[in-house]
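Coordinate inspection notes
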Amino acid sequence: MNQQEGYADDIVKGFVIWSMVWGLVAVLVGVFISFQIAFPQLNFPPYLTYGRLRPIHTNAGIFGWGIGSFMAFFIYITQRLTRTSLWSPGLAKAQLWLFNVVIALAAVTLAMGMNRSKEYAELEWPVASLVVVLWVIFAVNIVMTIVKRREEQMYISLWYILATLVGVAVLYLVNNASIPVSLTKSYSAYAGANDANVQWWYGHNAVAMVLTTPPLAIFYYFLPKATGVPIYSHRMGVIAFWSLIFMYLWTGAHHLLWAPVPDWVQTLAMAFSVMLIAPSWAAVFNGYFSMNGQWHQMRENYLVKFLIFGITFYGLQTLQGPSQSIRTFSAFIHFTDWVPGHVHMGTLGWVSLVLFAAIYYTIPRLYHTEIYSIGLANVHFWLVLTGQLIFSITMWIAGVQQAAMLNATNPDGSLHYSFIETLVELYPYWHMRALGGVIYLAGLLVFLYNIYLTIAGAKTQAAAQRA
Amino acid sequence: MDSASIYYLGVTLILFLIFAAIVVRTYSKRHAARGEEPKFRMMDDDYPNHQ
């Protein structure tokens, strides 16, 4: 425990460091599989194939890097917004151990081909059961800290944190309901179209409760901390929160447009997806309006640059997402490379930029030092921004070309291009995507080097002071 | 209209009414200053004992 401030911050350090480790794994595997697509001879069966490595990439990214750092910042933020220390630091330590065990087990089992074949819910029941235990430990600790709070009113970040804890629990339990047939194999408790409906109710709300509400909690906390100016409107934040919560859980079926699920379910999902633009952009405007009179900080304050670009990508993401949920547009871009372009703007642009800012803000404070190099932080920013833009823009263009080719017909109604002809045309884009990934990886390495030297410098200073 | 549809509409209506109540309360004149208070208080949260 950090005795000076009365907050349990050592555990935050642990989660931040391990989330960075898993983030590096995610990007390394991501870059490798992007090369596997561009150069198929890089697939080495059975373990090092795209099919085995892709879920490792997504699980390491979303759960290792994402959830790991959300756990760090939920603990950091909750203590401060409630002005009380963590309910149980011991439980949090156990949580950190279990978190790493789960992510390592996920990587090993997925590499061995143990997979439920449900996107973002691939883990077989023994590992999934550990995830449930992990989440319960985490949720109890955070909720109990909020219960014993010394602040009467809850700042908006705490609402998003609570929504994440409840939302993930409900989604994970329902979609992971399975019938085990052995230690390494289970079958979904649902069948056919119902299974697909439950899967995408979960799948899209993983986007909501893992890739939207936690980064928003972090953004709302760290933007005012970075600028030194409160957010524009707390009440607008509250309304945006509740409207987001009311709408998001209805949208999953937009992944199943034109599929054999009831038409009204598809229309409902489409309508709610479009309505989601309002709460999403309320958060974006809250961020922008908070910068009134502070825009000069975009040039002078590297943290603000990460945060404002992050919320801008959130805004773009939440315009593109609803557009994709409309039947006609979905029919065009579904099953094309447009989709990974969209997803990576969210994960690399929105989520990761906000997390980078949060880590840059907290690490020097936790170690009572200054960041090693602001110059390196700026190099990091431009590298990850360039890498991500090359990735996403390339994939959008590839997706449009692919869709146009897949939809092209001859006068007699037959397809103009064979499927393999559409793939051959995509190779230049796949090379560009791999290049974007390498640039992003370079930025990530600069970031890790900067953080490593910050921590190492702080430890040297502390040792010198003790001597 | 069958009972399932009526139930479905009823739940939707209740959710909408709850949301409307949240909006009305949040933006009521009486609640205006209090609703914005947390954003000022969070600016100085580095020490748990500081009120």
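All of these numbers come straight from a predicted model, not from anything done at the bench.

In this section: the overall build of chain B. Scanning chain B from terminus to terminus reveals two helices and zero strands. A compact globule built from 51 residues would reach a C-alpha radius of gyration of about 10 Å, whereas chain B, at 19 Å, exceeds it by more than 25%. Dimensions of chain B, computed from C-alpha atoms along their principal axes, come out at roughly 60 × 25 × 10 Å. A buried classification covers 22% of the 51 residues belonging to chain B. As displayed, chain B offers around 3,800 Å² of accessible surface, 69% of which is attributable to carbon and sulfur atoms. Of the charged side chains in chain B, 6 are positive and 6 negative; the average position of the first set lies 12 Å away from that of the second.

Together, W87, V136, V140, V143, M144 and V147 of chain A make up a nonpolar patch on the protein surface, roughly 480 Å² of accessible area in all. Note that V143 of chain A resides in helix α4 (residues 125–147).

Right, let's talk about the packing of helix α7 (residues 213–227) of chain A against helix α10 (residues 277–290) of chain A for a bit. Each pair of packed helices can be described by the angle between their axes along with the distance between the axes. All names here are of chain A. One way to put it is that α7 packs onto α10 with a least axis distance of 11 Å and a crossing angle of 10 degrees. Considering their axes alone, α7 and α10 lie roughly parallel with respect to each other. The residues of α10 that touch α7, namely those facing L216, F219, Y220 and L223, are A283, N286, G287 and S290. In terms of residue class, the contact of α7 with α10 is made up of five nonpolar, three polar and no charged.

The next thing to look at is the interface of chain A and chain B. Contact with chain A, which involves 35 residues of that partner, is made by 29 residues of chain B. Buried surface at the junction of chain A and chain B, both sides included, amounts to about 2,900 Å², of which 57% is carbon and sulfur. The largest contributions to the chain A side of the interface with chain B come from R83, Q153 and R235 of chain A, which together make up 27% of the buried area. Our enumeration of links across chain A and chain B arrives at four salt bridges.

On to the packing of aromatic side chains, then. Two aromatic rings are characterised by how far apart their centres lie and by the angle between their planes. All names here are of chain A. In this structure the tally under the stated criterion is 39 aromatic pairs over all chains. On the numbers, 6.1 Å between centres and 50 degrees between planes, the contact of Y288 with W295 is tilted. A relative accessible area of 39% means that W295 is categorised as partly exposed. In this structure an aromatic cluster arises from ring pairing among W65, Y302, F306, F309, F356, Y360, F381, W382 and F447.

What counts, and where the lines are drawn
- Residues numbered from 1 in each chain as written.
- Chains lettered and ligands numbered in written order.
- Predicted model: local features only at pLDDT ≥ 70, side-chain atom pairs only at ≥ 80, totals over all residues.
- Heavy atoms only, no water.
- Helix = DSSP H or I, 4+ residues; strand = E, 2+ residues; numbered from the N terminus.
- Rg over C-alpha atoms; globule rule 2.2 N^0.38 Å.
- Buried < 20%, exposed > 50% of the residue type's maximum accessible area, 1.4 Å probe, protein only.
- Areas by Shrake-Rupley, 256 points an atom, 1.4 Å probe, with all protein chains shown as cover.
- Lys, Arg positive; Asp, Glu negative; His and termini not counted.
- Charge placed at Lys NZ, Arg CZ, Asp CG, Glu CD.
- Patch = residues over 30% accessible without salt bridge, like charges linked within 9 Å, V, L, I, M, F, W, Y side chains within 5 Å.
- Salt bridge = Lys/Arg side-chain N within 4 Å of Asp/Glu carboxyl O.
- Axes fitted to C-alpha atoms, helices over the stretch in contact; angles between N-to-C directions.
- Parallel < 35°, antiparallel > 145°, perpendicular 65-115°, else oblique.
- Contact = heavy atoms within 4.5 Å.
- Nonpolar A, V, L, I, M, F, W, Y, C, P; charged D, E, K, R; others polar.
- Buried area = accessible area lost by both parts, 1.4 Å probe.
- Phe/Tyr/Trp six-rings, centres within 6.5 Å; stacked < 30°, edge-to-face > 60°.

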